[in-house]
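The residues making up each chain are set out below.
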Amino acid sequence: MVNFASCLVQTFRKHIVNFLITALLLLAGVPAFSQTAAPQPQYVDSIKVHFLYGSRPYTKYKKDERKWFGGVLGGHVGIETDSGHILNFRMNGNFHLFTNNNKKHSRFDDLDYTDFYSIFGSDPDSIKRAIVTIPVTRLQKEKLDSINAQYLKECPYDYALIGMRCSAAAYEILGQLGIMKNYSHRKTYWKIFYPMKLRRRVLDKAGENNWSIDRQEGTLKRKWEKH
């Protein structure tokens, strides 16, 4: 009985001492318990997401300026895999209203800056654009290089109005890299129905993570998307 009482007193004293030490540390502004910080990603490279804003000619310039596919809610999106090489998804053949993966009318292209930004027939210096630079790890860059080689060789899905188009395709790749949340193809094209849906997400993440954004304003002859 005496031994039990002695052990109880010692345990009580130990808890009191620990409590007092913790309280003093907290008052002094010192963390009571050290926590091992989660390892930070080692960024060794970067990729760029290119956004060509949608637009339409103002009425008085309709004779001078072309109409673009999608108009103000159109535009184009591509991912720069290496310097001057922009991977982008395009229609190839007849336009499909609904996805038909058994008869794909689509392709991925590797375009340089001039060809990418003149895809609608306009001068690249006259268009509105935003280029977001995203830091990536070695594994992310290797994954992108693998996707690039694979998609240029064999397109994985059809191009369709109710289906994958340039913005959904770019999101799908960013999802594979872990930069965006990964979804099924069907969920991706419903969520990312046109370029602005992706652009807002990427620009928001750029603001949160201090990613570099290179912007260019477009010609005053056209009405451009604002965001």
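As shown above, the structure is provided for reference.
Okay, so let's go over this structure. (Residues numbered from 1 in each chain as written. Predicted model: local features only at pLDDT ≥ 70, side-chain atom pairs only at ≥ 80, totals over all residues. Heavy atoms only, no water.)

### Section: the overall build of the protein
- The number of helices and strands found in the protein is six helices and ten strands.
- Counting only residues that meet the buried cut, the protein has 39% of its 227 residues in that class.
- For the protein, contacts bridging at least 24 residues in sequence account for 74% of all contacts bridging at least 6.
- Element-wise, carbon and sulfur atoms account for 53% of the exposed surface of the protein, whose accessible area totals about 14000 Å². (Helix = DSSP H or I, 4+ residues; strand = E, 2+ residues; numbered from the N terminus. Buried < 20%, exposed > 50% of the residue type's maximum accessible area, 1.4 Å probe, protein only. Contact = heavy atoms within 4.5 Å. Areas by Shrake-Rupley, 256 points an atom, 1.4 Å probe, with all protein chains shown as cover.)

### Focus on the sheet that holds strand β4 (residues 85-91)
- Judged by pairing direction, the sheet is antiparallel, and its six strands sit side by side in the order β6-β4-β3-β1-β7-β9 without closing on themselves. Among the strands making up the open sheet, the edge pair consists of β6 (106-111) and β9 (212-216). Adjacent strand axes in the sheet meet at a mean angle of 25 degrees, parallel and antiparallel pairs treated alike.
- Across six bridges, the pairing between β4 and β6 is antiparallel. Following the sheet pairing, isoleucine 86 is matched in β6 by leucine 111. (Pairing = 2+ DSSP bridges. Axes fitted to C-alpha atoms, helices over the stretch in contact; angles between N-to-C directions.)

### Topic: the pattern of salt bridges
- A complete count under the given rule lists eight salt bridges for this structure.
- Between aspartate 214 and arginine 129 there is a salt bridge, and its shortest N-O distance comes to 3.5 Å. One end of the pair, aspartate 214, is in strand β9; the other, arginine 129, is in strand β7 (residues 129-137), with 85 residues separating them in the sequence.
- Overall, the relative accessible area of 34% leaves aspartate 214 in the partly exposed class. (Salt bridge = Lys/Arg side-chain N within 4 Å of Asp/Glu carboxyl O.)

### Structural notes on the nonpolar core
- Counting residues in each nonpolar core, the largest one holds 48 residues, and the members touching the most others are Ile47, Phe108, Ile173, Leu174 and Leu198.
- For this core, the element with the highest residue contribution is helix α4 (residues 166-176), accounting for seven residues.
- Those residues in contact with isoleucine 173, other than ones at most four positions away along the chain, are Ile79, Leu87, Phe108, Leu144, Ile147 and Tyr151. (Core = buried A, V, L, I, M, F, W, Y, C linked by side-chain atoms within 4.5 Å.)

### Points about the side chain of arginine 129
- The exposure class of arginine 129 is buried, given its relative accessible area of 18%.
- If we ignore the near neighbours within four places in the chain, the residues touching arginine 129 are Phe51, Tyr53, Tyr117, Asp214, Arg215 and Gln216.

### Digging into helix α3 (residues 138-153)
- The end-to-end C-alpha distance of α3, which contains 16 residues, comes to 23 Å, matching closely the 22 Å that a straight helix rising 1.5 Å per residue would cover.
- Among the residues of α3, those classed as buried are Gln140, Lys141, Leu144, Ile147, Asn148 and Tyr151. On an axial view of α3, the arc spanned by its buried residues comes to 120 degrees, and they lie on one face. In α3, the exposed positions angled more than 90 degrees off the buried face are occupied by Leu139 and Lys153.
- Structurally, α3 contributes buried residues whose contacts are with β1 (43-53), β3 (75-82), β4, β6, β7 and α4. (Expected span 1.5 Å × (residues − 1). Arc of directions from axis to C-beta.)

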